[in-house]
Amino acid sequence: MSQFTSGFWDFYIAAISLVSIIACGIFLKAQNVRGTNEADTSGHTWDEDLTEYNNPLPRWWAWLFYVTILFALGYLALFPGLGSYAGMLGWTSLNQLEAENQAANARFGPLYEKFAAQDVTVVAKNPEALAIGQKLFLNNCAQCHASDGGGSRGFPSLTDRDWLWGGTPEAIKASITEGRTGVMPPMGAAVGGDEGVKDVAHFVLSLSGRTHDTLRTFRGKAAFQQACIACHGADGKGNQQLGAPDLTDGVWLHGSSEAAIIEQIQKGRSSQMPAHKEILSPAKIHLLTAYVHSLSRGGAPPGK
Ligand code: HEC
Ligand code: HEC
């Protein structure tokens, strides 16, 4: 399909391709006239009597060149290459992809169906299923969660037992299928401005046993009870209904420094795990669920 809005460029490209191919042919022919005069030299002489003859190209070489020209013309007739001309074979990269997908589905479909009928915890122990799950993970998830599922700042690790939304097979499957949006509103005003934010940040530090200022922690605790427990719970252990993280466990999604915690409280945050139900079949999501489940259960990825 043409990417241009004006038909002129289609024509322009097609004309340049054809003219240059034909020009190659004419040039080759012109260079290939066999001289009648045997003594026709280029006028270059070396070592006193070593003269360079001006002979045409060797025949086999010239023919090889003609063959490439014929190949180019044949190729442009069969495949899309000349402007918007679609080619006699009707090939497109899209229908090639579809054909490959169909072949892959025919090959792997029965295997996927077999695993789809089994319980996630059973599939999670099957090395063959985990190998397929790992491939799916590398293709669809690794760009955010890292190739070993270890995550990075802002992208949760899937290898620990610390879950934002829950680590049961059902919760993992829901995370992948429907996606998740973790929203924390900016809380600066609710805890009384910059000083209040710092106080509450020190209380948060104290929750996981980190170095903290005692006075600030004391003041921050009161503010936390007011502004934060609705989501993070009275004990700070989080709430998987809302994707609110456990603040007591020393696992940090957005950074553990005082500055990172202050920024989180001041600015809030909205993090998105994209829904995959439009992209992956239920059978593939089932395999991925099993793979993710196995990661957090200490099951090293296959090949490790
Ligand atoms: C565009 C980046 C992105 C991609 C791609 C992505 N994720 Fe996520 N995922 C996230 C983010 C961000 C979160 C955390 C959302 C939040 O903070 O609530 C998340 C959360 C999750 C969770 C919930 C974790 C928990 O602790 O409860 C699971 C499970 C998960 N992803 C699995 C996957 C799988 C499997 C794939 C591949 C099919 C995938 N993700 C692809 C960004 C991504
Ligand atoms: C409306 C619910 C809600 C309220 C209220 C709320 N939070 Fe959060 N908080 C969240 C969610 C959801 C996340 C995870 C955001 C994400 O997925 O990126 C979060 C993340 C955090 C983090 C980052 C944790 C990490 O692992 O990096 C900190 C720190 C935090 N909140 C502290 C607080 C404090 C302190 C308050 C009170 C001043 C508060 N939150 C109020 C929902 C809330």
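Residues numbered from 1 in each chain as written. Chains lettered and ligands numbered in written order. Predicted model: local features only at pLDDT ≥ 70, side-chain atom pairs only at ≥ 80, totals over all residues. Heavy atoms only, no water.

Caption draft 1: Highlighting the site of ligand 2. With respect to spatial proximity, 26 residues lie near ligand 2, and among them Met184, Cys228, Cys231, His232 and Ser271 are the closest. One of the backbone nitrogen or oxygen atoms of Leu253 is found 2.7 Å away from an oxygen atom of ligand 2. One nitrogen or oxygen atom from the side chain of His254 is found 2.5 Å from an oxygen atom belonging to ligand 2. At the level of secondary structure, the elements contributing two or more residues to the shell around ligand 2 comprise strand S3 (180–184), helix H8 (193–207), helix H10 (229–232), helix H11 (258–267) and strand S4 (269–273). When the residues that make up the shell around ligand 2 are grouped by side-chain class, the tally is 19 nonpolar, six polar and one charged. (Near = heavy atom within 4 Å. Polar contact = N/O pair within 3.5 Å; in protein donor to acceptor, adjacent residues only side chain to side chain. Helix = DSSP H or I, 4+ residues; strand = E, 2+ residues; numbered from the N terminus. Nonpolar A, V, L, I, M, F, W, Y, C, P; charged D, E, K, R; others polar.)

Caption draft 2: A look at the side chain of Asp246. With respect to the element layout, Asp246 can be found in the loop between H10 and H11. In this structure Asp246 is buried but unpaired, with Lys237 as the nearest side chain of opposite charge at 4.6 Å. In terms of polar contacts, Asp246 uses its side chain to reach the side chain of Thr248, at 2.6 Å. Apart from residues no more than four positions distant in its own chain, Asp246 is found in contact with Asp162, Gly236, Lys237, Gly238 and Val251. (Buried < 20%, exposed > 50% of the residue type's maximum accessible area, 1.4 Å probe, protein only. Lys, Arg positive; Asp, Glu negative; His and termini not counted. Salt bridge = Lys/Arg side-chain N within 4 Å of Asp/Glu carboxyl O. Contact = heavy atoms within 4.5 Å.)

Caption draft 3: Spotlight on the packing of helix H3 (residues 93–116) against helix H5 (residues 127–140). Here H3 crosses H5 at 110°, and the two axes come no closer than 11 Å. The pairing of H3 with H5 is recorded here as roughly perpendicular in orientation. The hand of the H3/H5 crossing is left-handed. Contact with H3, carried on its side by Leu111, Tyr112, Lys114 and Phe115, involves Glu128, Ala129, Ile132 and Leu136 of H5 and no other residues of that element. Its residues assigned to classes, the contact of H3 with H5 shows six nonpolar, no polar and two charged. (Axes fitted to C-alpha atoms, helices over the stretch in contact; angles between N-to-C directions. Parallel < 35°, antiparallel > 145°, perpendicular 65-115°, else oblique. Left-handed = near helix turned anticlockwise from the far one by under 90°.)

Caption draft 4: Here's a closer look at helix H7 (residues 169–178). Buried residues of H7: Pro169, Ala171, Ile172, Ser175, Ile176 and Thr177, and no others. If you follow the buried residues of H7, they end up packed against helix H4 (120–123), S3, S4 and helix H12 (282–296). At the exit of H7 stands Gly179, carrying a positive phi of roughly 75°.

Caption draft 5: Molecular detail of a nonpolar patch on the surface. Together, Phe8, Trp9, Phe11, Tyr12, Ile13 and Ile16 make up a nonpolar patch on the protein surface, roughly 620 Å² of accessible area in all. Counting through the fold element by element, Phe8 comes out in helix H1 (residues 7–31). For Phe8, a relative accessible area of 46% gives the class partly exposed. (Patch = residues over 30% accessible without salt bridge, like charges linked within 9 Å, V, L, I, M, F, W, Y side chains within 5 Å. Areas by Shrake-Rupley, 256 points an atom, 1.4 Å probe, with all protein chains shown as cover.)

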